[in-house]
Amino acid sequence: SQQGEEDPQALSIQEGENATMNCSYKTSINNLQWYRQNSGRGLVHLILIRSNEREKHSGRLRVTLDTSKKSSSLLITASRAADTASYFCATAPDSGYSTLTFGKGTMLLVSP
Amino acid sequence: GAGVSQSPSNKVTEKGKDVELRCDPISGHTALYWYRQSLGQGLEFLIYFQGNSAPDKSGLPSDRFSAERTGGSVSTLTIQRTQQEDSAVYLCASSPHSSGGAYNEQFFGPGTRLTVL
């Protein structure tokens, strides 16, 4: 079953604008990760935030995590046409070992 | 170094035929994962390998699906008697983590697009 649920399902913005995507999940986690997928093929890891972290930055990316609300957000600042892709959040459980559980993704379109 | 590779990149088969998909993980990565992605959907977990053993195969949708990994490296996913609903992109990922599969990032291959006619 899906753990992460992203919203919005689709987002269309102009170059230079900021894009914010949200992810909600249901069970306790060890970490939450964001991935990007271009053209329906392989995913690229963007950032990992652990359950004891609240905010993390990487270049133009800013990720927040609120474990009390079981939610995370991904902010892409000063977006570029090359940021056009699908973005997925994935959660890792907080006990034992297992694989990531992915949401259905947000499709981002950045127009020049 | 080389990333995760998968072959073939595209596979078209007839309903009822068997197919074999291959994944070459990044050298030294002990964890290997198979996922399936249907059109416009998220990733559906299929199976996880740690070394050559599969501690979690809970995602395999039916007994027509099987996977193996040899030498702690290459993995093959076999689908027997393919059905049209098996059509999807099959993605493989590897991770260097040795004691907990989900606690580090996963490195994905480009996927195999399977079409069952």
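Residues numbered from 1 in each chain as written. Chains lettered and ligands numbered in written order. Predicted model: local features only at pLDDT ≥ 70, side-chain atom pairs only at ≥ 80, totals over all residues. Heavy atoms only, no water.

### Notes on the pattern of salt bridges
All names here are of chain B. Taken as a whole and judged by the stated rule, the model has seven salt bridges over all chains. The shortest N-O distance in the salt bridge between Glu14 and Lys17 comes to 3.7 Å. For Lys17, a relative accessible area of 45% gives the class partly exposed. A salt bridge links Asp86 to Arg64, with the shortest nitrogen-to-oxygen separation between them at 2.8 Å. On the criterion of sequence distance, the pair formed by Asp86 in the loop between strand 8 (75–79) and strand 9 (88–95) and Arg64 in the loop between strand 6 (53–56) and strand 7 (65–69) is long-range, its members being 22 residues apart. For Arg64, a relative accessible area of 12% corresponds to the buried category. (Salt bridge = Lys/Arg side-chain N within 4 Å of Asp/Glu carboxyl O. Buried < 20%, exposed > 50% of the residue type's maximum accessible area, 1.4 Å probe, protein only. Helix = DSSP H or I, 4+ residues; strand = E, 2+ residues; numbered from the N terminus.)

### Overview of the environment of Arg69(B)
Residues and elements named next belong to chain B. Locating Arg69 in the fold gives a position in strand 7. On the basis of relative accessibility, which here comes to 4%, the residue Arg69 falls in the buried class. Of note is the side chain of Arg69, whose polar atom sits 2.9 Å from the backbone oxygen of His29. In this structure the side chain of Arg69 is engaged in a polar contact, spanning 2.8 Å, whose partner is the backbone oxygen of Ser73. (Polar contact = N/O pair within 3.5 Å; in protein donor to acceptor, adjacent residues only side chain to side chain.)

### Points about the sheet that holds strand 7 of chain B
Residues and elements named next belong to chain B. On the basis of which strands lie adjacent, the open sheet formed by four strands has the order 1-3-8-7 and antiparallel pairing. In this open sheet, the two strands that pair with only one neighbour each are strand 1 (5–7) and strand 7. Averaged over all pairs of adjacent strands, the angle between their axes in this sheet comes to 15 degrees, without regard to strand direction. Here strand 3 (residues 19–24) pairs with strand 8 via five bridges, running antiparallel. Each bridged residue has a counterpart across the sheet, and for Val19 the counterpart in strand 8 is Ile79. (Pairing = 2+ DSSP bridges. Axes fitted to C-alpha atoms, helices over the stretch in contact; angles between N-to-C directions.)

### With respect to the state of the cysteines
Throughout this description, disulfide means a covalent bond between two cysteine sulfur atoms. One pass over the full model with this rule turns up two disulfides over all chains. Note that Cys23(A) is cross-linked by a disulfide to Cys89(A), the S-S spacing being 2.0 Å. Judged by the torsion about the S-S bond (65 degrees), the Cys23(A)/Cys89(A) disulfide is right-handed. With a gap of 66 residues between them, Cys23(A) in strand 3 (residues 19–24) and Cys89(A) in strand 9 (residues 85–93) connect regions that are remote in the sequence. No difference in accessibility class separates Cys23(A) from Cys89(A), as the two residues are buried. Here Cys23(B) pairs with Cys92(B) through a disulfide, and the sulfurs are 1.8 Å apart. Disulfide Cys23(B) to Cys92(B): torsion about the S-S bond roughly -60 degrees, handedness left-handed. You can see Cys23(B) sitting in strand 3 and its partner Cys92(B) sitting in strand 9, a full 69 residues away along the chain. Residue classification places Cys23(B) among the buried residues on the basis of a relative accessible area of 0%. (Disulfide = S-S within 2.5 Å.)

### A look at the sheet that holds strand 1 (residues 5–7) of chain A
Residues and elements named next belong to chain A. Ordered in space as 1-3-8-7-6, the five strands form an open sheet in which the pairing is antiparallel. Strand pairing shows two members of the sheet lacking a second neighbour, strand 1 and strand 6 (55–58), which therefore form its edges. For this sheet, the mean inter-axis angle between neighbouring strands, taken without regard to orientation, is 15 degrees. Where strand 1 lies against strand 3, three bridges are found, and the strand directions are antiparallel.

### Some words on the pairing of strand 5 (residues 43–50) of chain B
Residue and element names in this part refer to chain B. With seven of its eight residues buried, strand 5 lies for the most part within the structure. In terms of strand pairing, strand 4 (residues 31–37) meets strand 5 through seven bridges, oriented antiparallel. Looking across to strand 5, one finds that Trp34 is bridged to Ile47. A loop of five residues connects strand 4 with strand 5, the two strands running antiparallel in sequence, and Gly40 in this loop sits at a positive phi of about 70 degrees. Pairing of strand 5 with strand 6, which is carried by two bridges, proceeds in the antiparallel orientation. In the strand pairing of strand 6, Gln50 is matched with Ser53. In textbook terms, the turn of a hairpin is the stretch between consecutive antiparallel strands, and for strand 5 and strand 6 this stretch comprises two residues, one of which, Gly51, has a positive phi near 65 degrees.

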